[in-house]
Amino acid sequence: MKRHSHVDHMYIINISDSSACICGESGHIDANTRALAVQRQVPVFFEDEGDYEDYSIFSRSIPAWPPQSDVELNIIQDHKKIHVGCIDIIATASASVVQVGPNDTMDLESRVKAIRHFITGAPEYLKDYKGVSVKKNFVKKE
């Protein structure tokens, strides 16, 4: 039996990074995101750095769920409608789903590599340094 989804009020401030908000039925949801989170005490960033292939976390296989067992399931749906009064969400991110309604399957994947570069005993003059972005193939014209 198909069910209808009804939401009186939904307030979402932010949906990002391969996320979704679904009111209603869906068959399959597939979302993934990859990110490099780099934090440096001295913020110098190079345009050509940050290749995902350099980090094994982005190429590792994900463990598979065991196959479904033969479980006898009896579902009784007294109402043909899913009714929600109010949903308030600040934010969703990194391959997440907010859904009101039925769904068959979903594959959600989020991989983040956090990199922190800190200098111990840095000179005092570096504390207020704002940083620089170094462009690849930068050629100074005369």
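Source: prediction; values computed, not measured.

How each quantity is defined
- Residues numbered from 1 in each chain as written.
- Predicted model: local features only at pLDDT ≥ 70, side-chain atom pairs only at ≥ 80, totals over all residues.
- Heavy atoms only, no water.
- Helix = DSSP H or I, 4+ residues; strand = E, 2+ residues; numbered from the N terminus.
- Buried < 20%, exposed > 50% of the residue type's maximum accessible area, 1.4 Å probe, protein only.
- Contact = heavy atoms within 4.5 Å.
- Core = buried A, V, L, I, M, F, W, Y, C linked by side-chain atoms within 4.5 Å.
- Salt bridge = Lys/Arg side-chain N within 4 Å of Asp/Glu carboxyl O.
- 1 Å grid on protein atoms, 1.4 Å probe; cavity = no way out; pocket = protein on both sides within 12 Å on 5 of 7 lines; lining within 4 Å.
- Points joined across faces, edges and corners; volume = space filled by probe spheres on them.
- Nonpolar A, V, L, I, M, F, W, Y, C, P; charged D, E, K, R; others polar.
- Phe/Tyr/Trp six-rings, centres within 6.5 Å; stacked < 30°, edge-to-face > 60°.

1. Concerning the overall build of the chain
Working step 1: Across its full length, the chain holds zero helices and eight strands.
Working step 2: The 142 residues of the chain split such that 13% are buried.
Working step 3: Nonlocal contacts in the chain, meaning residues at least 24 apart in sequence, comprise 81% of its contacts between residues at least 6 apart.

2. Looking at unusual backbone geometry
Working step 1: Look at aspartate 17: it is not a glycine, yet its phi comes out positive at around 55 degrees.
Working step 2: Positive phi outside glycine occurs at serine 94, with the angle close to 55 degrees.

3. What about the nonpolar core?
Working step 1: Core analysis: the largest hydrophobic core is formed by five residues, namely Ile82, Ile87, Ile89, Val98 and Val100.
Working step 2: No other element matches the three residues that strand E5 (residues 81–92) contributes to this core.
Working step 3: Every residue in contact with valine 100, bar those within four places of it in the chain, is listed here: Ser5, Val7, Ile22, Cys23, Gly24, Ile82, Val84 and Ile87.

4. Let's talk about the pattern of salt bridges
Working step 1: If you walk through the whole model with that rule in mind, you get two salt bridges.
Working step 2: A salt bridge links glutamate 49 to arginine 40; the nearest nitrogen and oxygen atoms lie 2.8 Å apart.
Working step 3: The salt bridge involving arginine 111 is made with glutamate 109; its shortest N-O contact spans 2.5 Å.

5. A word on the environment of isoleucine 87
Working step 1: By the element assignment, isoleucine 87 lies in strand E5.
Working step 2: For isoleucine 87, a relative accessible area of 16% corresponds to the buried category.
Working step 3: Along the backbone, isoleucine 87 and histidine 9 are 78 residues apart, and their C-alpha atoms lie at a distance of 6.3 Å.
Working step 4: Leaving out residues up to four positions away in the same chain, isoleucine 87 has contacts with Val7, His9, Met10, Tyr11 and Val100.

6. Describing the environment of aspartate 88
Working step 1: Following the sequence through the fold, aspartate 88 ends up in strand E5.
Working step 2: Between the C-alpha atom of aspartate 88 and that of methionine 10, which follows or precedes it by 78 residues, the distance is 6.0 Å.
Working step 3: Every residue in contact with aspartate 88, bar those within four places of it in the chain, is listed here: His9 and Tyr11.

7. With respect to the layout of surface pockets
Working step 1: One number sums up the size of the largest pocket: a volume of about 180 Å³.
Working step 2: Of all the elements in the fold, those that place two or more residues in the lining of the largest pocket are strand E3 (26–40) and strand E7 (103–117).
Working step 3: Sorting elements by how many residues they give to the lining of the largest pocket places E7 first, with four residues.
Working step 4: Residue composition of the lining of the largest pocket, by class: five nonpolar, one polar and three charged.

8. Points about the packing of aromatic side chains
Working step 1: Enumeration over the complete set of coordinates arrives at one aromatic pair.
Working step 2: When the centroid spacing of 4.8 Å and the interplanar angle of 65 degrees are considered together, the rings of tyrosine 52 and phenylalanine 58 count as edge-to-face.
Working step 3: Take tyrosine 52: its relative accessible area is 25%, and that puts it in the partly exposed class.
Working step 4: Owing to a relative accessible area of 10%, phenylalanine 58 belongs among the buried residues under this scheme.

This is a description of form; function is not addressed.
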